[in-house]
Amino acid sequence: MKAVIIPVTPFQQNCSVLWCEETNKAAVVDPGGEIERIEAAIAEQGVEVEKIMLTHGHIDHAGGAADLSEKLGVPIEGPHLEDTFLIEKLHEQGAQFGVEGGKPFTPTRWLEQGDEVAVGNLNFEVRFCPGHTPGHIIFFEPVSRIAFVGDVLFQGSIGRTDFPRGDHDTLLKSIREQLWPLGDDVTFVPGHGSASTLGHERQTNPFVREGA
Ligand SMILES: [Zn+2]
Ligand SMILES: [Zn+2]
């Protein structure tokens, strides 16, 4: 797998364009906005986008999904059905946070624990990780050992839980039961900030380290 990260929106959300090197087929993870910049990255890499993948329904992650889906003629996969209330209110989220776009949509495919998402010859495992939002999912590719985790876990921090239907204990449970078992060597791309490994966070992250 190869990937480039394009920080988008005033929240500097890590939109990823990832692709299968064998087939040149690609996906865009969390196109929160500034879709011209995302399209430029796609053109620069010369890859063929076949789908959009969403971790959750917040504006900085999902705000550009409807427009990009229409422009590229590709389906939207994810997040989990429990984030419907956020996607229906994308426009209001945009107005609230001063982010342009935010067109509501219905995903082509809702995802849940155990589902698989194919991109070329890559196969992503879906893990249901509620807490930051009730319908948050992450995407794990077991061959390259890379996970796209949205706002579940960050380098040195974890997702906020003070938004509607956020829950701190549920988030900690998701990290312990769905992320740690993937393995210490797994590299993850968070929704904001630098990439890290699960092992590094399990040992040093003050919010979730072992014994914390
Ligand atoms: Zn979020
Ligand atoms: Zn975010």
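Preceding this paragraph is the structure being described.
Each residue is numbered by its place in its chain's sequence as written, counting from 1. Here chains are named by letter from A upward and ligands by number from 1 upward, in the order in which they appear as written. Reporting in this predicted model follows two pLDDT cut-offs: at least 70 for local features of residues, and 80 or more for side-chain atom pairs to be given and counted; totals over whole chains, interfaces and linings ignore these cut-offs and use all residues. Excluding hydrogens and water, the side-chain values take into account all heavy atoms of the structure.

**As for the coordination of the zinc ion (ligand 1)**
Metal coordination angles in their ideal form are 109.5 degrees for the four-donor tetrahedron and 90 or 180 degrees for the six-donor octahedron.
And then number 1: Note that water is not among the atoms considered, so a metal site may appear incomplete; the donors listed are N, O and S atoms within 2.8 Å of the metal, with 3.2 Å applied to Na, K and Ca. The coordination sphere of the zinc ion (ligand 1) contains the protein donors His56 (NE2), His58 (ND1), His132 (NE2) and Asp151 (OD), at a distance range of 2.2 to 2.3 Å.
And then number 2: A four-donor site is classed as tetrahedral when every donor-metal-donor angle falls between 85 and 135 degrees; four donors are called square planar, and six octahedral, when trans pairs exceed 155 degrees and all remaining angles lie between 65 and 115, with any other arrangement labelled irregular. Of note is the zinc ion (ligand 1), whose four donor atoms meet at the metal with angles of 88 to 167° in an arrangement that counts as irregular.
And then number 3: In the primary structure, the donors to the zinc ion (ligand 1) are separated according to the pattern H-x1-H-x73-H-x18-D.
And then number 4: Taken as a pair, the zinc ion (ligand 1) and the zinc ion (ligand 2) lie 3.5 Å from each other and share Asp151 as a ligand. One end of the pair, His58, is in the loop between β4 (48–53) and α2 (59–62); the other, Asp151, is in the loop between β9 (146–150) and β10 (153–154), with 93 residues separating them in the sequence. There is no split in this pair, since His58 and Asp151 are both buried. Runs of H or I in DSSP of at least four residues are treated as helices and runs of E of at least two as strands, each being numbered from the N terminus. Type-normalised accessible area, obtained with a 1.4 Å probe on protein chains alone, sets the label of each residue: buried when under 20%, exposed when over 50%, and partly exposed for intermediate values.

**Quick notes on the packing of helix α1 (residues 35–45) against helix α3 (residues 65–72)**
And then number 1: Helix axes are fitted to C-alpha atoms over the stretch in contact, other axes to C-alpha atoms as well, and angles between N-to-C directions run from 0 to 180 degrees. Close contact between α1 and α3 brings their axes to 10 Å; oriented N to C, the two are set at 45°. Compared by their axis directions, α1 and α3 come out oblique. The hand of the α1/α3 crossing is right-handed. From α1, Ile35, Ile38, Glu39 and Ile42 reach across to α3, where they touch Asp67, Leu68, Lys71 and Leu72.
And then number 2: Residue composition of the contact of α1 with α3, grouped by class: five nonpolar, no polar and three charged. An angle below 35 degrees is read as roughly parallel, one above 145 as roughly antiparallel, one from 65 to 115 as roughly perpendicular, and any other as oblique. Helix crossings are classified by the rotation of the near helix relative to the far one: an anticlockwise turn of less than a right angle makes the crossing left-handed, while a clockwise turn makes it right-handed. In what follows, residue pairs with any heavy atoms lying within 4.5 Å of each other are defined as contacts. Amino acid classes used here: Ala, Val, Leu, Ile, Met, Phe, Trp, Tyr, Cys and Pro are nonpolar; Asp, Glu, Lys and Arg are charged; the rest, including Gly, are polar.

**Remarks on the sheet that holds strand β2 (residues 13–19)**
And then number 1: Here we have five strands laid out as an open sheet, ordered β1-β2-β3-β4-β5, and mixed in their pairing. Pairing within the sheet leaves two strands with one partner each, and these edge strands are β1 (2–8) and β5 (76–77).
And then number 2: Set on the sheet, α1 makes contact with β1, β2, β3 (25–29) and β4; between it and β1 the angle comes to about 160°.
And then number 3: Where α3 meets the sheet, its contacts fall on β3, β4 and β5, and the angle it forms with β4 comes to roughly 150°. Pairing between two strands is assigned when DSSP locates at least 2 bridges connecting them.

**Here's the deal with the side chain of Glu77**
And then number 1: Mapped onto the elements, Glu77 comes out in strand β5.
And then number 2: Whenever two N or O atoms come within 3.5 Å, that pair is a polar contact, provided that in protein one can donate a hydrogen and the other can accept it, and provided that, for residues adjacent in sequence, both atoms are side-chain atoms. Within the structure, Glu77 has its side chain in polar contact with the side chain of Lys51 (distance 3.1 Å).
And then number 3: In this structure Glu77 touches Lys51, Ile52, Met53, Leu54, Arg109, Leu111, Val117 and Phe139, once residues within four positions along its chain are discounted.

**Some thoughts on the coordination of the zinc ion (ligand 2)**
And then number 1: Protein ligation of the zinc ion (ligand 2) involves Asp60 (OD), His61 (NE2), Asp151 (OD) and His192 (NE2), the donor distances falling in the range 2.1 to 2.4 Å.
And then number 2: Around the zinc ion (ligand 2) sit four donor atoms, and with donor-metal-donor angles ranging over 87 to 155° the site reads as irregular.
And then number 3: For the zinc ion (ligand 2), all donor residues lie on one chain, and their spacing in sequence is D-H-x89-D-x40-H.
And then number 4: According to the relative accessible area criterion, His61 is buried, its value standing at 0%.

**Some remarks on the packing of aromatic side chains**
And then number 1: Put simply, two rings from Phe, Tyr or Trp (the six-membered ring, in Trp's case) pair if the centres are within 6.5 Å, and we call them stacked under 30 degrees between planes, edge-to-face over 60, tilted for the rest. Considering all chains together, one arrives at three aromatic pairs under this definition.
And then number 2: Aromatic pair Phe11 and Phe97: ring centres 5.8 Å apart, planes at 80°, arrangement edge-to-face. Of the two residues, Phe11 sits in the loop between β1 and β2 while Phe97 sits in helix α5 (residues 90–97), which places them 86 residues apart along the sequence.
And then number 3: Here Arg165 stacks its cationic end above the ring of Phe85, 5.0 Å away from the centre of that ring. Both a distance and an angle decide whether a charge sits over a ring: NZ of Lys or CZ of Arg must be within 6 Å of the ring centre and within 35 degrees of the ring normal.

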